[in-house]
Amino acid sequence: MTALLESSSPPAAPEARGPHRAWRPIAWTLPPVLVVLFIAAYPIVRVLLESTKAGTWSKVLAEESFRNALWRTISIAVSSTAGCLVLGTFLAIVLAFVPFPGSQLVGRLIDSVLTLPSFLVTLSFTFLYGTAGAVNALITKITGDKSHALNFLSTPWGVIVAEITFFTPFVVRPLLAAFAQLPREQLDVASSLGASPWRVLRQVVMPEAWPALAAGGSLTLLLTLNEFGIVLFTGAKGVITLPALIYTRGIVTFDLPGAAVLATVQVLLSLTLYLGYRLLFGRLTSARKES
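Residues numbered from 1 in each chain as written. Predicted model: local features only at pLDDT ≥ 70, side-chain atom pairs only at ≥ 80, totals over all residues. Heavy atoms only, no water.

A.B. asks: Give a detailed account of helix α5 (residues 103-113), specifying residues and quantitative values.
C.D. replies: If you check which residues of α5 are buried, you get S103, G107, I110 and V113. The arc that holds the buried residues of α5, viewed along the axis, is 110 degrees, so those residues lie on one side. Relative to its buried face, α5 has exposed residues pointing more than 90 degrees away, namely Q104, L105 and R108. Those residues of α5 that are buried are in contact with α4 (64-97), α8 (156-167) and α9 (169-180). (Buried < 20%, exposed > 50% of the residue type's maximum accessible area, 1.4 Å probe, protein only. Helix = DSSP H or I, 4+ residues; strand = E, 2+ residues; numbered from the N terminus. Arc of directions from axis to C-beta. Contact = heavy atoms within 4.5 Å.)

A.B. asks: Describe unusual backbone geometry, listing the residues and the values that go with them.
C.D. replies: A positive phi angle is found at F254, which is not glycine, with a value near 60 degrees. Along the chain, the position of F254 falls in the loop between α13 (242-252) and α14 (256-290).

A.B. asks: Which residues make up a nonpolar patch on the surface, and what values go with them?
C.D. replies: Residues L116, F119, L120, L123, F127, L232 and F233 make up a contiguous nonpolar surface patch of roughly 620 Å² in combined accessible area. In terms of residues, the nonpolar patch owes the most to one element, helix α6 (residues 118-129), which gives four residues. With respect to the secondary-structure elements, F127 resides in helix α6. (Patch = residues over 30% accessible without salt bridge, like charges linked within 9 Å, V, L, I, M, F, W, Y side chains within 5 Å. Areas by Shrake-Rupley, 256 points an atom, 1.4 Å probe, with all protein chains shown as cover. Salt bridge = Lys/Arg side-chain N within 4 Å of Asp/Glu carboxyl O.)

A.B. asks: An account of the environment of S270 is needed here, citing residue identities and associated values.
C.D. replies: Its location among the elements puts S270 in helix α14. Distance from S270 to L225, taken between C-alpha atoms, is 7.7 Å for residues 45 residues apart in sequence. Aside from chain neighbours lying at most four places away, what touches S270 is L222, L225 and N226. Engagement of the side chain of S270 in a polar contact is seen with the side chain of N226, the distance being 3.2 Å. (Polar contact = N/O pair within 3.5 Å; in protein donor to acceptor, adjacent residues only side chain to side chain.)

A.B. asks: Can you lay out the packing of aromatic side chains for me, pointing to particular residues and giving the numbers?
C.D. replies: Between two aromatic rings, the relevant description is the distance of the centres plus the angle of the planes. All told, the structure shown has five aromatic pairs when counted by the stated rule. For the pair F97 and F179, a centre-to-centre distance of 5.1 Å together with 55 degrees between the ring planes defines the contact as tilted. Of this pair, F97 sits in helix α4 while F179 sits in helix α9, and the two are 82 residues apart along the sequence. Overall, F179 belongs to the buried group, its relative accessible area being 2%. With centroids separated by 5.8 Å and ring planes inclined at 45 degrees, the aromatic side chains of F167 and F170 adopt a geometry described as tilted. Across this residue pair, the class does not change: F167 and F170 are buried. Among the aromatic residues, those joined into a ring-pair cluster are F166, F167 and F170. (Phe/Tyr/Trp six-rings, centres within 6.5 Å; stacked < 30°, edge-to-face > 60°.)

A.B. asks: Could you give an account of the nonpolar core, with specific residues and numbers?
C.D. replies: In this structure, F166, L175 and F179 are the most contacted members of the largest nonpolar core, which totals 36 residues. Within the residue set of this core, elements represented by two or more residues are α4, α5, α6, α8, α9, α11 (197-225) and α12 (229-234). Of the residues forming this core, the biggest block, eight residues, is contributed by α11. Dropping the residues within four chain positions of it, F166 is found in contact with V113, L116, P117, S118, V121 and I230. (Core = buried A, V, L, I, M, F, W, Y, C linked by side-chain atoms within 4.5 Å.)

Structure (structure tokens):
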């Protein structure tokens, strides 16, 4: 036995990787990186270069149309996000904890909204709530009043309601995933100790859902901040957001430097919002781990 141990050779050292093997991962990674840079980075760089013409920034930022569009963009995005958070939280709680016949079908219908383009929601709103839509026609038939009782689509509220309808599933889906991971034993223990459903919801369910709610709300705010199709198809008078103003300056009036300045502001807003979301999500995640 000792002879066998003495005669056994030491384990062979791992074979050194040749230069061609060391470069192989880089060769596989380089093409997709170049494609991403060409598709994403190159247009942004071109926009930034186009906006650096002398006097363009001071001229565009001093215009009242820019200030109005910036305020309108932020106000619509914040209002739509708040509506999506309220409606999405309610729908997610009902679908997750209040079983009823057809709940799975409702969940599938909510998911199907994610696959549709945003302008279809606006088009359906026009058919339903427009001045010549089905609801106004029904009201006119019942009351005999031909003054179009519903006329909110041509106002900022029409844009907000359409965005809430379209973007609410982006809040519902993360919340349903978070509720599915919640141990049912915690709910049973809280109920057995005499806690009311509202207290269970407030102290047991919602603390576990804050990261998902923050993720869904941040994504919704980012999407509504950059939404263009709904604003365009509603045709709301006086509702000029930054994306709509970029379209007008770049496509209609061919003011490419001015459109580039507006697009740069839009990109900065989106990046700031994304960084804020990452910081908020990181703090919520670390707080959950510590608790």
